[in-house]
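# Report on the structure
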Amino acid sequence: MSVDESTLSARQEQAAATQRQLLAAAVAVFEEKGYQATTVGAITDRANTAHGTFYLYFRNKEDAFCQVIEGVVLGELAVETLGSPAEDPREAIEESLRNFVAVYHRHEGLWRALMEGMLASPRVQQLWLDLRRDLVLQLSAAFEAQQATGALRPFAPTLVAHALAAMTEWSAFTYFLLDEPGGPGGRRDPEALVATLSDLWYRSVYGRVPEDEADAEADADDQSAPSA
C-alpha cells in the first residue's frame, strides 16, 4: 500500500468512526428527549464533535433520525419465521416475540420519538411504513409457506400478518411507555407480555393450543365416564 493509499484508508476509518460516534449520540439523545425536543447541537454535544461536523454525515435532524431507526430495525429487530413444521411452532413464535419485546424495552424512548417523528415528518412516516411493510411481508411469506404444507389453518396471510404485527407493536407501546396495564406493585414483567402475545399469535394461526387438546380430552373422558 502506498503512502497516499494508507493516508486515505486512515481518513476513511476516522470518518466511519466519527459517523458511528454521532449515530450513537443521536440514539441516546432521541431516546432521552424525543424527536421534537432533540436538536443538532444536543447531538454534537453528546458526541463531543464540532457542530459543523454533523453536516458532513447528515443533512439535518430528520436524516439522522431516519438512520437511527434503520439501524435499530435492520440491526436489532432480526426477523424470525415461525420455523419449519418439524420444529416446535410455539417455541418459534415465543422466541421471535421475546426478541421484539427485548428490543422495544431496550429502546422505549426511541419508539416514543418515532411516534412523534411520524406525526411531524412525512419522510419519517414513510420510512417506518416501508421498513414495517418489509418485515410484515416476510412474516406473511412464512405463513403462506406453512399453509402450503397444511401446518397452518386457512386465512389471509398478509392481512393476518399486519393485524398481528399491529397488535404486538401497540401492546408493547402501551405496556412499556404508558404502563398499561400496570403490574403488581407497578412492576412490569416483559415475560408476561411475551407469554400473552405468544398465546394470542399461536391461537390465531393454528386455531388450537396443546392445552385446548388436553381440555377437550378431559371433557370427553368426563362425558364417557358412567354416572354414579
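Anyway, here's the lowdown on the structure attached to this text. The structure displayed is predicted, hence computed values, not measured ones. Along every chain, residues carry numbers that run from 1 in the direction the sequence is written. With pLDDT at 70 or above as the cut-off, local features in this predicted model cover only qualifying residues; side-chain atom pairs require 80 or more to be listed or tallied, and sums for whole chains, interfaces and linings still use all residues. To obtain the side-chain values, all non-hydrogen atoms of the structure were included, while hydrogens and water were left out.

## Considerations on unusual backbone geometry
Residues E180 and P181 are joined by a peptide bond in cis, for which omega reads -10 degrees. Numbered from the N terminus, helices here are DSSP runs of H or I no shorter than four residues, and strands are runs of E no shorter than two. Structurally, the position occupied by P181 is in the loop between helix 8 (157–176) and helix 9 (190–206). Positive phi, normally seen in glycine, also occurs at N48, with a value near 60 degrees. Position of N48 among the secondary structure elements: in the loop between helix 2 (40–47) and helix 3 (51–54). Remark: exposure states derive from per-residue accessible area (1.4 Å probe, protein chains only) relative to the maximum for the residue type, with buried under 20%, exposed over 50%, and partly exposed in between. Classification of N48 by relative accessible area gives exposed; the value is 69%. Although it is not a glycine, D179 sits at a positive phi angle of roughly 55 degrees. Relative to the helices and strands, D179 resides in the loop between helix 8 and helix 9. Classification of D179 as partly exposed rests on a relative accessible area of 34%.

## Some details on the packing of aromatic side chains
The criterion for an aromatic pair is that two Phe, Tyr or Trp rings (for Trp, the six-membered ring) have centres within 6.5 Å, with stacked assigned to planes under 30 degrees apart, edge-to-face to planes over 60 apart and tilted to the rest. Enumeration according to the criterion identifies 13 aromatic pairs in this entry. Taking 5.2 Å as the distance between ring centres and 80 degrees as the angle between the ring planes, the aromatic pair formed by F54 and Y55 counts as edge-to-face. Ring centres of F54 and F58 lie 5.0 Å apart, and the angle between their planes is 45 degrees; this geometry places the pair in the tilted category. With respect to burial, F54 and F58 carry one shared label: buried. Among the aromatic residues, those joined into a ring-pair cluster are F100, Y104, W111, W128, Y175 and F176. A ring is scored as having a charge over it whenever the NZ atom of a lysine or the CZ atom of an arginine sits within 6 Å of its centre and within 35 degrees of its normal. The ring centre of Y35 lies 4.5 Å from the NZ or CZ of K61, which sits over that ring.

## Observations concerning the pattern of salt bridges
We define a salt bridge as a contact between a side-chain nitrogen of Lys or Arg and a carboxyl oxygen of Asp or Glu at a distance within 4 Å. Per the stated rule, a full pass over the model turns up eleven salt bridges. Note that D199 is salt-bridged to R90, the shortest N-O span being 3.9 Å. Remark: R90 occurs in helix 5 (residues 89–106) and D199 occurs in helix 9; sequence separation between them is 109 residues. Across the pair R98 and E94 runs a salt bridge, and its minimum N-O distance is 3.0 Å. Of this pair, R98 and E94 are both found in helix 5, four residues apart, which corresponds to roughly one turn of the helix. Judged by its relative accessible area of 25%, E94 falls in the partly exposed class. Where salt bridges share partners, they join E94, E95, R98 and E191 into one cluster.

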